[in-house]
2 protein chains.
Amino acid sequence: MISVDTAIKIVEDTIKPLPVKTIPFENALGFCLAEDMQSDIDMPPFNRSAMDGYAVIAEDTANAPVELTVIEDIAAGHMPTKKVSHGQASKIMTGAAVPAGADAVVKFEETEDLSVSNRVKILRPIDKGRNISSRGEDMQVGQKVLCKGMPVRSQEIGILATIGKSQVKVFSAPTVGIISTGDELVDVGLKPSVAQIRNSNGYSLAAQARRMHAEVDLLGIVKDTKEEISSMMQWGFRKDILILSGGVSMGEYDLVGDVMKDFNTRIYFEKVALRPGKPVIFGKKDTTFIFALPGNPVASFVTFELFVYPAIRKMMGFTHVHRTTLQASLETEILVKRKRREYRPAFLRMHNNTWMVSPVEWHGSADLLATTMANSLLIVREDAERLVTGQLVDVIPLE
Amino acid sequence: MISVDTAIKIVEDTIKPLPVKTIPFENALGFCLAEDMQSDIDMPPFNRSAMDGYAVIAEDTANAPVELTVIEDIAAGHMPTKKVSHGQASKIMTGAAVPAGADAVVKFEETEDLSVSNRVKILRPIDKGRNISSRGEDMQVGQKVLCKGMPVRSQEIGILATIGKSQVKVFSAPTVGIISTGDELVDVGLKPSVAQIRNSNGYSLAAQARRMHAEVDLLGIVKDTKEEISSMMQWGFRKDILILSGGVSMGEYDLVGDVMKDFNTRIYFEKVALRPGKPVIFGKKDTTFIFALPGNPVASFVTFELFVYPAIRKMMGFTHVHRTTLQASLETEILVKRKRREYRPAFLRMHNNTWMVSPVEWHGSADLLATTMANSLLIVREDAERLVTGQLVDVIPLE
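Cut-off values and rules
Per chain, residues are indexed from 1 in the order of the written sequence. Labels are handed out in written order, letters beginning with A for the chains and numbers beginning with 1 for the ligands. Only residues with pLDDT of at least 70 get local features here, since the model is predicted, and only at 80 or more are side-chain atom pairs given and counted; chain-wide, interface and lining totals rely on the full set of residues. To get the side-chain values, take all heavy atoms of the structure and skip hydrogens and water. UniProt positions are given in the numbering used here, feature names are shortened, and annotations may be inferred rather than shown by experiment. Least-squares fitting of one copy onto the other uses the C-alpha atoms of those residues that reach a pLDDT of at least 70 in both copies. By the convention used here, residues are in contact when the closest approach between their heavy atoms is within 4.5 Å. Classification of ring pairs uses Phe, Tyr and Trp, with its six-membered ring standing for Trp, and accepts pairs whose centres are within 6.5 Å; under 30 degrees between planes counts as stacked, over 60 as edge-to-face, and the remaining range as tilted. Using a 1.4 Å probe on the protein chains alone, a residue whose accessible area is under 20% of its type maximum counts as buried, one over 50% counts as exposed, and one in between counts as partly exposed. Either the NZ atom of lysine or the CZ atom of arginine qualifies as a charge over a ring when it sits within 6 Å of the ring centre and within 35 degrees of the ring normal. The salt bridge definition used is simple: a Lys or Arg side-chain nitrogen within 4 Å of an Asp or Glu carboxyl oxygen. Secondary structure follows DSSP: runs of H or I at least 4 residues long count as helices, runs of E at least 2 residues long count as strands, and numbering of each begins at the N terminus.

Under an unreviewed UniProt entry, the name given to chain A is Molybdopterin molybdenumtransferase, and the source organism is Candidatus Brocadia fulgida. The Cofactor (unreviewed entry) comment attached to chain A in UniProt states, word for word, "Mg(2+)". Heading Pathway (unreviewed entry) of the UniProt record for chain A holds this comment: "Cofactor biosynthesis; molybdopterin biosynthesis."

This is the structure:
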């Protein structure tokens, strides 16, 4: 039995990023760039006015108020055609190119329009360079503006548009197959008989993976027989990740581990000192990584977050594969039963600028309803004996 | 000119949730429930074994070690057929129904299998009720398990599956149309001439809205003429939200506000004491809410987060329409130029269990590249004069 930290490190070290694919940049949101990107333009592309006003020679305004002759009217998207000489000004809009000769823009509020006489009065002196953004100030032709490994958010989409990258290389998101095992399971559309329950893990695991952009295929429910499990697993070997739910504890009807071994799956670990979720198998068959997770709904939920989450992030090329851990002040005492790392569904809130956390009330690892009250996982370390109110504890916020 | 807080409150008070729609539960991830949900089953559906082991009468183990006769073998998904009487036990798997008569489950590790003689040795006494989850302990038939207004996450998907809710009522996500205005704009596939830039705001705004599940339609680029703007706006009136980018500052070529008034749009506000982003118009034409945002990329990005984000959340039925604000310790001094609320793209990090924040270096509100270094918005309040290193400031983390 290995520690949670060791198990997570094994997952992280074993899995490599998936192949790169080229997609339209608009679809890249949530993916990770697989190439550096250079700008093909200067931004601004010219000395640009940051204000609506008048482009002038700063020197001319030294003894303001002063009147200047307006020689042109420059809108954004149009280039100036006249050079500004001493005694002259050009009316200019925000975003337009500053005409040759001019070296400052006086905003409208500091001028008085004398348009009947085609002249403008500049009310106050202005410094050279004022209200002008220099060509190439934000980015220059050839400059590396986005790097391999960066996650694509709205801002990066904006930059990709700016530099005209309509197709981008990103790391692929994994294909994920999910198999739910158990004689007791029926599908959502059916009414369970007294010995049955509906398959919930398949769907919650699918949601956990889809949220990360994985392409999920729910392969369905199989009975607790070696034959059914192995025939469905063969379908799963077409996927980058195969998740099995249930069938991994100690009983003789828990067969997933046996079937994995029959397939000559390379097993990296099969028991983790963890609560909930001790029986977790991580293996690899050909190019498919297999996670066999416990059938208890909360254990299934938690072990996905601990092991499958970083696996998907790593495959997608992200540098930061783990969620942030933060510290919060515990709102209620926790008695620790055994010396095994524990992840408790918990409610995290901000109160007086401090993070406060309390484990949600639950009846154990089958109680999925309790997790609907949770927005985080509270970590109880192996060496903890009793956690008291007000103590700082580690918490992983979930979205 | 109104304050940011007032403007946000106007948006929040004006917008109402959109109509309810019924969708397959698997597609409900990220939406908000529009109905309360009752369970149609007890969970567990029977007194359930929490362990692999032997179902016994606790009283029989008082003088353990003791040998019992094994009368049945109960797998998960199968109902027991025999009642356990004194001196008897049934072998049972995790998740299976505890047979009548038995009132505790002894786990395998605390037994010794004497299977040749069809008997089992119980090594230690056990308390009544141990390792049994009582029928209905987690949820009961008719119990309200999910409430109207709850966001659907992976956990809720699991609950919906558990209670067989294959179709669910959620509040609709808005349809969003986006128009980019400006003579200087060309589309991403084109190489801008010297007076032009590519349309980036349209795409970054689309990404900001899509991330929230809105159905986005990029209506395209229009020139700075009343005719083009108004003819495109008419297409936009088919949407729940119409966003215009650019064309809202003071210059004579900034026409969006004029066109909105020509359409008899109800205007709620048109200037907000905000930096970047003073010119922001919020209005309503028939059933379409219109946000006219500034053309500067950073101002466009920030004003979406401040005004459009809560609008979409409110339409989608969420109770919490705003992002969390937290406090962080400032890593570098900030000199405040003017008494207007400022939102600075900033980098937030956790260091020694404290949030630390530093504004990213930028050249002003056209510098979208700077925002790729940012993961948050740092709030500079109206009354701030100088923010010093180590001071606590408010920060809005972005995802």
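A. Expanded view of the relation of the copies chain B and chain A. Here chain B sits on chain A after a turn of 180 degrees about the axis and a move of 0.0 Å along it, with an RMSD of 0.0 Å. Seen this way, the second copy is the image of the first under a two-fold rotation axis. Both copies share a contact surface, since 99% of the interface residues of chain B are interface residues in chain A too.

B. Quick look at the packing of aromatic side chains. The final tally for this structure, using the stated rule, is 16 aromatic pairs over all chains. Seen from their ring centres, B:F282 and B:F291 are 4.9 Å apart, and the 25 degrees between their planes marks the pair as stacked. The same class applies to B:F282 as to B:F291, namely buried. Through successive ring pairs, a cluster of aromatic residues spans A:Y268, A:F269, A:F282, A:F289, A:F291 and A:F307. Lying across the ring of A:F237, A:K285 places its NZ or CZ 5.9 Å from the centre. The ring of A:F318 carries the charged tip of A:R313 above its face, separated from the ring centre by 3.7 Å.

C. Just the pattern of salt bridges, in detail. Counted by the stated rule, this structure contains 44 salt bridges over all chains. The salt bridge involving A:D13 is made with A:K9; its shortest N-O contact spans 2.7 Å. One end of the pair is A:D13 and the other is A:K9, both in helix α1 (residues 4-14) and 4 residues apart, which spans about a single turn. According to the relative accessible area criterion, A:D13 is partly exposed, its value standing at 41%. Judged by its relative accessible area of 49%, A:K9 falls in the partly exposed class. Between B:R135 and B:D42 there is a salt bridge, with the nearest N and O atoms lying 2.8 Å from each other. Here B:R135 is found in the loop between β10 (132-133) and β11 (144-146), whereas its partner B:D42 is found in the loop between β2 (37-38) and β3 (48-49), with 93 residues between them in sequence. Among the residues examined, B:R135 registers a relative accessible area of 52% and is labelled exposed. Owing to a relative accessible area of 14%, B:D42 belongs among the buried residues under this scheme. Residues joined by salt bridges that share partners form a network here, namely A:D5, A:R341 and A:E382.

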